[in-house]
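Working through the structure, step by step
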Amino acid sequence: MNLLVSKAHDILKTIFGFTSFRSGQETVIRHILDGHHTLAVMPTGGGKSLCYQVPGLVLDGTAIIISPLISLMKDQVDSLQANGVPATFINSTLSQTEQKDILEKIRHSTYKFVYVAPERFESFEFIQTINSIQLSFIAFDEAHCISQWGHDFRPSYRSIIENIKRLGTACPLVALTATATDRVIYDIQSLLNIRPEYVTNTGFHRDNLHFRVERGVKKSEFIKQYVSARSQDSGIIYAPTRKLTDQVYSWLMSNGFRAARYHAGMSEEERSTAQNLFLQDDVTIMVATNAFGMGINKSNVRYIIHYGIPMNIESYYQEAGRAGRDGEDSECILLFAANDVQLQKFLIEQSSLEVLKKEQEYEKLHAMVQYGYTNQCLQRYILDYFSDPNQLKRCGTCSNCLKSGELEDVTKEAQMVLSCVKRMGERFGVSMTAKVLKGSSSQKIREFGFEKLSTYGLLSHYREADIGTFIQQLIADGYLDVENGKYPTIKLSNRALPVLKGEEKVWHHARVQEVKKNENYNEDLFAYLRGLRKKLADQSGIPPYIVFSDATLKDFCRMMPLTKEQMLQVKGVGERKWEEYGEYFINGIQAFIDQYGSDES
Ligand code: ADP
Ligand code: MG
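Quick notes on the rules
- For every chain, the first residue of its written sequence is number 1, and the numbers climb from 1 along that sequence.
- Chain labels run from A onward and ligand labels from 1 onward, assigned in the order the entries are written.
- Reporting in this predicted model follows two pLDDT cut-offs: at least 70 for local features of residues, and 80 or more for side-chain atom pairs to be given and counted; totals over whole chains, interfaces and linings ignore these cut-offs and use all residues.
- Computation of side-chain values: all heavy atoms of the structure, hydrogens and water removed.
- Helix numbering and strand numbering both begin at the N terminus, where a helix is a DSSP run of H or I of at least 4 residues and a strand a DSSP run of E of at least 2.
- Note that the radius of gyration is over C-alpha atoms, with the globule rule given as 2.2 Å times the number of residues to the power 0.38.
- Relative accessibility under 20% of the residue-type maximum defines a buried residue, over 50% an exposed one, and the middle range a partly exposed one, all with a 1.4 Å probe and only protein chains included.
- For the area figures, the Shrake-Rupley method with a 1.4 Å probe applies, and any residue is considered shielded solely by the protein chains shown.
- The sign given to each residue is positive for Lys and Arg and negative for Asp and Glu; His and the chain ends receive no count.
- To locate a charge, the coordinates of NZ of Lys, CZ of Arg, CG of Asp or CD of Glu are taken.
- Residue proximity to a molecule or strand is established when one non-hydrogen atom of the residue lies within 4 Å of it.
- Two N or O atoms count as a polar contact when they lie within 3.5 Å, although within protein this holds only if one can serve as hydrogen donor and the other as acceptor, and sequence-adjacent residues are included solely when both atoms are side-chain atoms.
- Side-chain classes are defined by residue name, with Ala, Val, Leu, Ile, Met, Phe, Trp, Tyr, Cys and Pro counting as nonpolar, Asp, Glu, Lys and Arg as charged, and the others, Gly among them, as polar.
- All domain edges in this entry derive from an automatic or database-based domain assignment.
- Should any heavy atoms of two residues lie within 4.5 Å, those residues are counted as being in contact.
- Once two parts are brought into contact, the accessible area they lose, counted with a 1.4 Å probe and summed over both, makes up the buried area.
- Should a side-chain nitrogen of Lys or Arg be within 4 Å of a carboxyl oxygen of Asp or Glu, the pair is scored as a salt bridge.
- Here a strand pair is declared whenever DSSP counts at least two bridges between the two strands.
- Between the N-to-C directions of two axes lies an angle of 0 to 180 degrees, each axis being a line fitted to C-alpha atoms and, for a helix, fitted only over the stretch in contact.
- We call a set of buried residues a nonpolar core when its members are Ala, Val, Leu, Ile, Met, Phe, Trp, Tyr or Cys and they connect through side-chain atoms within 4.5 Å of each other.
- An expected span of 1.5 Å times one less than the residue number is assigned to each helix.
- Angle categories: roughly parallel below 35 degrees, roughly antiparallel above 145, roughly perpendicular from 65 to 115, and oblique for all the rest.
- Crossing handedness is read from the near helix: turned anticlockwise from the far helix by less than a right angle, it gives a left-handed crossing, and turned clockwise, a right-handed one.

Let's talk about the overall build of the chain
- Looking only at helices and strands, one finds 25 helices and 17 strands in the chain.
- For the chain, whose C-alpha radius of gyration is 27 Å, the value lies close to the compact-globule estimate of 25 Å for 601 residues.
- Along the three orthogonal principal directions, the C-alpha set of the chain runs to about 85 × 65 × 50 Å.
- Here the chain holds 601 residues, and the buried ones make up 56% of them.
- Surface exposure of the chain reaches about 27300 Å², of which carbon and sulfur atoms provide 48%.
- The distance from the centre of the 69 positive side-chain charges to the centre of the 72 negative ones in the chain is 5 Å.

Structure below.
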């Protein structure tokens, strides 16, 4: 092994306390160590920070990290400092004197990492300063901000490039993002001059996230049961509007749950108070609109519940993806009700988008709705949406994969639906088709003369809503195609013919099993150590997950380390963390064993 790479492994162990690199990390690190401009595309929680933090420690000089958000910078600097790494940030929250002081220290090469906002490159003094020292590399975190095709384009990100080119140095540029669309990747590559062989794309798959769709449940009851069973776990409940956020929040509070709330209608101060309560583990439940989350690196979010469907799969995966950054099992639950779709349609309709853009939004919404109905593996559905090349067929842990093996033959009913669609001229939507199959006597039906169709009333023994759901499933499974627009219409796809001819059977899952958790750690000890972690975090003024992640605490519970050697075996414990917190946790674990005994005894 090359010397630098072996040094990288040492640093992984001694500074960060991890035993092995995750998928893609080592490749990215090698490219940086070899001095190439490098791009890493990895999902949220994939471990992008480590991709530049490790080489930053291997190489001589200071690394400059460009980051779009003040909260992200602070979080990263806190984490590095907690591991004993000299790091700082410069941004507008600091006074002029503090900034001067930091620039002076940068000149003396005090820091291994300096986090800055892109605007900093407009400061002559800053440019002069970094020009006078040795730089290991310049990294663009959240690099999709550089691209107009990304979901969060920031012009200031792009204008830096000229300034960087004017720098005297030729240090490597490193870009990291979780946005993997081809356009964005291409844009980043060409702007930063990154050759294809130095692009590492690990895909979108997150195997610790368990996706679940709950259709037609009473939402408030579901949430009540769910959160009471998880009083120790942190989670976010996303609601589609401010009003619903307020309602869910008030409802939880009046039912005796402690929650925080966050949306753009609150004052800056209220929002930051709420955010801190959640980050510090003072409250475990955050009820919020999609305004909450960007810049939140809290690694121990155990569940994300969507109270209604979001606008599109992009938003859904980004929001759901805030669960389980620490790699521990986490749940992403969509509470789905068919009439929630109306709200999203209304929001698109009301928006100031151009006609063409609106059509695109309807199409994206449609894919989101199908997620609520599909019988396919949910993780696979999402990967397909993003054209992810991952070979995974089924994740085995989503609510569809967990449905009991029993499959129902619904070919006859499917044939009825398909021929009804055909007879209606393939010009109507789901609800009209359901009405015809139900045998509804509504005015509209008679206007079109549908009561004379041979398929009229064929499914009259089902509820109209269930017929609608069934039709949606046939769409999701590809037997019907949708012509999108404000009033989507359905028509037969090429999969329909074999079914109508009786050559192909249609199967649906029968019942849902409860998701089973298979986590063998002592939960009482976990609760105890969480308390200890919270106390230490409050003393040091950092969030608890920066002291130790949930993953580390759970390993403490499994391995019950009582010596320094044992403790350093646990992932997430490096030299510095051992010095700072090791004794406290050993004493805590010992006290717990004295009181309750260890599991083995
Ligand atoms: P991203 O920026 O890709 O969303 P982060 O860099 O914030 O992800 O990392 C997410 C979590 O994964 C952090 O808690 C980090 O400590 C952990 N992590 C990163 N790399 C490893 C590794 N090799 N082994 C164990 N945990 C890791
Ligand atoms: Mg990151």
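What to know about the site of ligand 1
- Ser20, Gln25, Gly45, Lys48 and Ser49 are the nearest of the 14 residues found near ligand 1.
- With respect to ligand 1, the side chain of glutamine 25 contributes an N or O atom lying 2.9 Å from a nitrogen atom.
- Arginine 325 is positioned such that a nitrogen or oxygen atom in its side chain is 3.0 Å from an oxygen atom of ligand 1.
- Protein chains shield 83% of the accessible area of ligand 1, which is 570 Å² for the free molecule.
- It is helix H3 (residues 48–58) that contributes the most residues to the shell around ligand 1, three residues altogether.
- For the shell around ligand 1, the per-class residue count stands at four nonpolar, seven polar and three charged.

Some details on the domain arrangement of the chain
- What the domain assignment reports for the chain is domain 1 (3–201), domain 2 (209–403), domain 3 (408–508) and domain 4 (523–596).
- Computed from C-alpha atoms alone, the centre-to-centre distance between domain 1 and domain 4 is 30 Å.
- Taken together, the contact pairs 12 residues of domain 1 with 13 residues of domain 4.
- Carbon and sulfur atoms make up 52% of the surface buried where domain 1 meets domain 4, a total of about 950 Å² over both sides.
- Our enumeration of links across domain 1 and domain 4 arrives at zero salt bridges.
- If you look at where domain 1 meets domain 4, you find four residue pairs in polar contact (both at pLDDT 80 or more).
- Looking at the side of domain 1 that touches domain 4 element by element, the count peaks at four residues for helix H4 (residues 70–82).

Description of the sheet that holds strand S11 (residues 285–288)
- Taken together, six strands build an open sheet; the order of strands is S8-S13-S12-S9-S11-S10 and the sheet is parallel. This sheet does not close on itself; its edge strands, each paired only once, are strand S8 (209–215) and strand S10 (259–262). Pairs of neighbouring strands in the sheet enclose a mean axial angle of 15°, with direction left out of account.
- Where strand S12 (residues 301–306) lies against strand S13 (residues 330–336), four bridges are found, and the strand directions are parallel. Residue tyrosine 303 lies in a different strand from S13, and its bridge partner there is glutamate 331.

Examining the pattern of salt bridges
- Enumeration over the complete set of coordinates arrives at 33 salt bridges.
- Two residues, lysine 219 and aspartate 340, come together in a salt bridge whose shortest N-O distance is 2.7 Å. Here lysine 219 is found in helix H9 (residues 219–228), whereas its partner aspartate 340 is found in helix H13 (residues 340–350), with 121 residues between them in sequence. Both residues of the pair, lysine 219 and aspartate 340, count as buried.
- As a salt-bridge pair, aspartate 282 and lysine 534 come within 2.8 Å of each other at their nearest N and O atoms. Note that aspartate 282 is positioned in the loop between helix H11 (268–279) and S11 and lysine 534 in helix H21 (residues 523–540), a separation of 252 residues in sequence.
- Since its relative accessible area comes to 36%, aspartate 282 is described here as partly exposed.
- The exposure class assigned to lysine 534 is buried, which follows from its relative accessible area of 15%.

Describing the nonpolar core
- Counting 71 residues, the largest nonpolar core has Phe113, Phe121, Ile138 and Phe140 as its most contacted members.
- Tallying contributions element by element places H3 first for this core, with six residues.
- Residue contacts for isoleucine 138: discarding those within four places in its chain leaves Ile64, Ile66, Ile164, Leu167, Cys171, Pro172, Leu173 and Val174.
- In this structure, Ile236, Leu279, Ala367 and Cys398 belong to the second largest nonpolar core, which totals 47 residues.

Quick word on helix H19 (residues 464–476)
- Compared with an ideal rise of 1.5 Å per residue, which puts 13 residues at 18 Å, H19 spans 18 Å between its outermost C-alpha atoms and is within 8% of the ideal.
- Those residues of H19 that sit buried are Ile467, Gly468, Phe470, Ile471, Gln472, Gln473, Leu474, Ile475 and Ala476.
- One or two steps after H19, the chain reaches glycine 478, where phi turns positive at roughly 90°.

Structural notes on the packing of helix H1 (residues 3–14) against H3
- Remark: H1 packs on H3, axes separated minimally by 9 Å, with the N-to-C direction vectors making an angle of 115°. In terms of their interaxial angle, H1 and H3 are classed as roughly perpendicular. Both H1 and H3 take part in a crossing whose hand is right-handed. Of H3, the residues touching H1 (which contributes Leu4, Lys7, Ala8, Ile11 and Leu12) are Leu50, Val54, Leu57 and Val58.
- Residue classes in the contact of H1 with H3 are distributed as eight nonpolar, no polar and one charged.

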